[in-house]
Amino acid sequence: MRASPEHSDEELLRLTVAGDADAFAALYRRRQAGIYRFALQMCGSEGIAEDVTQEVFMTLVRESQLFDPTRGALASYLYGVARNQVLRRLEKERHFVALADEETTEDGRAGASNVSAHTADAADDPLAELARSELIETVRGAVLALPAHYREVVVLCELHELSYAEAASVLGCAVGTVRSRLHRARALLVERLREVRPHGDARGAATDFDPLRCFA
Amino acid sequence: MDAAARDGALRHAETCAACAARLAREQHLTTALRTIATDMADLSAPARVEAKLLAAFLETRANAQAATTTDAHDASHAPIATPAHGAAVAPVELSAQDEVAARRASSRRQTWRAASVATAIAASLALVALVTLYKQFTRTVPSSQTTNVAPQQGGRESTPVAPVVATLSPPPNSAGSTGQAKPERPQPIEHAASARTHAKLARPFVPRMIESRQVIDGGSAIFAAGEGESAANHAGGASKPNETESVTEFISLVAGAPAATPLESGQLVRVQLPRAALASLGLPLNAERDNEPVKADVLLGNDGLARAIRFVR
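Below you will find a few notes about this structure. These figures come from a predicted structure and were not determined experimentally. (Residues numbered from 1 in each chain as written. Chains lettered and ligands numbered in written order. Predicted model: local features only at pLDDT ≥ 70, side-chain atom pairs only at ≥ 80, totals over all residues. Heavy atoms only, no water.)

1. Looking at helix H2 (residues 21-43) of chain A
Then comes step 1: Within H2 of chain A, the axis deviates most sharply at Arg 31 of chain A, by approximately 45°.
Then comes step 2: Two or three places before Asp 22 of chain A, at the start of H2 of chain A, stands the capping residue Asp 20 of chain A, its side-chain oxygen 2.9 Å from that residue's backbone nitrogen. (Bend = angle between axes of the 7 residues up to and from the residue. Helix = DSSP H or I, 4+ residues; strand = E, 2+ residues; numbered from the N terminus. Polar contact = N/O pair within 3.5 Å; in protein donor to acceptor, adjacent residues only side chain to side chain.)

Written out as structure tokens, the structure reads:
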């Protein structure tokens, strides 16, 4: 049986276990982007994201018997493996301090990363694109500054648009836990974005009003 | 979210400034997060990752095939159970759960097999280490009897020949007559070490044995006061000092100094004594070198008692 786009993940995995290299390649091409982005959004390093992606699929090759289809989809399993790898790497890198990027500009702010740089060329309005890039960088920085257990919820539910149930399956926790963590994470993000918003920002003028909580 | 609740919340936000501000903040955050998601949607792992993974996959598959071939070769030599008469042999389609269970069981078997091999190797290494240690231990056990020779009792109680640890090694030709088993291998170095240890514990009065003893097979040797040199010479010259050393006459340590004391056999032990021992035996003492020890040869009888002493320079 040849691997084809119509095959489900589980079928491709079964073919992979049987030794079908095409099935493995098809499975990889289908799932690698999500895993890579997840790792990149979790740790902010392209090198680590690359390593994590490779390790996730190597784990699938070596220990495919660990995947239990009765416990969830293969995509969730892959996200779970990626999450464990990322957390391990973050724990390992915790004792190191990141040096400033070589592309640091004169005013000390890090230059636009590759993530946003590749979209700048396509912009028609340079000023709007600049503002957009700044916004992306700001939010990315705020997401990366979140504690890991909040960050992973934001990445899965907001950036990868997984449902609460799928996120709970990846994280191995209850759906209610996902909800509460996401709520708390969003509150933290709002706080941090307000802190970094420059004064006189017209867009933020309406949202800067912070009265007592409304119980209506 | 319920549509009615949503509409009610929006209507409330039009009249409530706090909720309006909160809603604006949340919408702003959602927009920003969607912007990031859109911006990163095209990102994927570099092509080299796929190349590496494919190479690793092919290598793994090749290894698995090699292992399968080996297993099949082994299985071909095993007895094959034939199905019962009339029973149809059909391929069994395993369900996904069965497959997972089978894979886990296989993984468990492999783990146990690896653990068994590792345990066997560790046990073998431990056994080899134990045998080696046992051999070393049996080599270092002294094969001859060690005793503590008490200082000589009698008229010369002030004799500085303190207790020494000496080895009563029977003469080579008298092992049968004494009834003791002949030692397999004399260990003079170890006995010297024992003597040194003993001397350290009894400092500063205990002399230190600095050379191994020499067995004197006296036979019918007669030792008497003043005749020590001849007795030593009778020992076949074994007690001859080095050419660079000069020795005194043997001085008897036997109480009462009888005219003739039979000495069947004995040992000559080189020891170090406090220099004051010279004075106690009536020999001149250099006060300037009072702190330096003096070497001496002590003649021990086969009863373990010191019979005579001579000093060495």
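2. Re the pattern of salt bridges
All names here are of chain A.
Then comes step 1: Counting across every chain of the model gives 18 salt bridges over all chains.
Then comes step 2: Of the charged contacts in the structure, one is a salt bridge between Arg 30 and Asp 9, with a shortest N-O distance of 2.8 Å. Residue Arg 30 is located in helix H2, and its partner Asp 9 is located in helix H1 (residues 9-17); the two are separated by 21 residues in the primary sequence.
Then comes step 3: According to the relative accessible area criterion, Arg 30 is partly exposed, its value standing at 32%.
Then comes step 4: The buried category is assigned to Asp 9, whose relative accessible area is 7%.
Then comes step 5: Notably, a salt bridge pairs Arg 62 with Glu 55, separated by 3.0 Å at the nearest N-O pair.
Then comes step 6: In this structure Arg 62 comes out as partly exposed when scored by relative accessible area, which is 44%. (Salt bridge = Lys/Arg side-chain N within 4 Å of Asp/Glu carboxyl O. Buried < 20%, exposed > 50% of the residue type's maximum accessible area, 1.4 Å probe, protein only.)

3. Observations regarding unusual backbone geometry
Then comes step 1: Although it is not a glycine, Glu 161 of chain A adopts a positive phi angle of roughly 55°.
Then comes step 2: Among the residues examined, Glu 161 of chain A registers a relative accessible area of 60% and is labelled exposed.

4. Details of the pairing of strand E7 (residues 266-273) of chain B
All names here are of chain B.
Then comes step 1: Most of E7 sits inside the fold, with 8 of its 8 residues counted as buried.
Then comes step 2: Residues Gly 266, Leu 268, Arg 270 and Gln 272 line one face of E7 and the alternating positions Gln 267, Val 269, Val 271 and Leu 273 line the opposite face, and both faces are buried.
Then comes step 3: The pairing of E7 with strand E8 (residues 294-301) spans 8 bridges and is antiparallel. Bridge pairing links Val 271 to Ala 296 in E8. (Pairing = 2+ DSSP bridges.)

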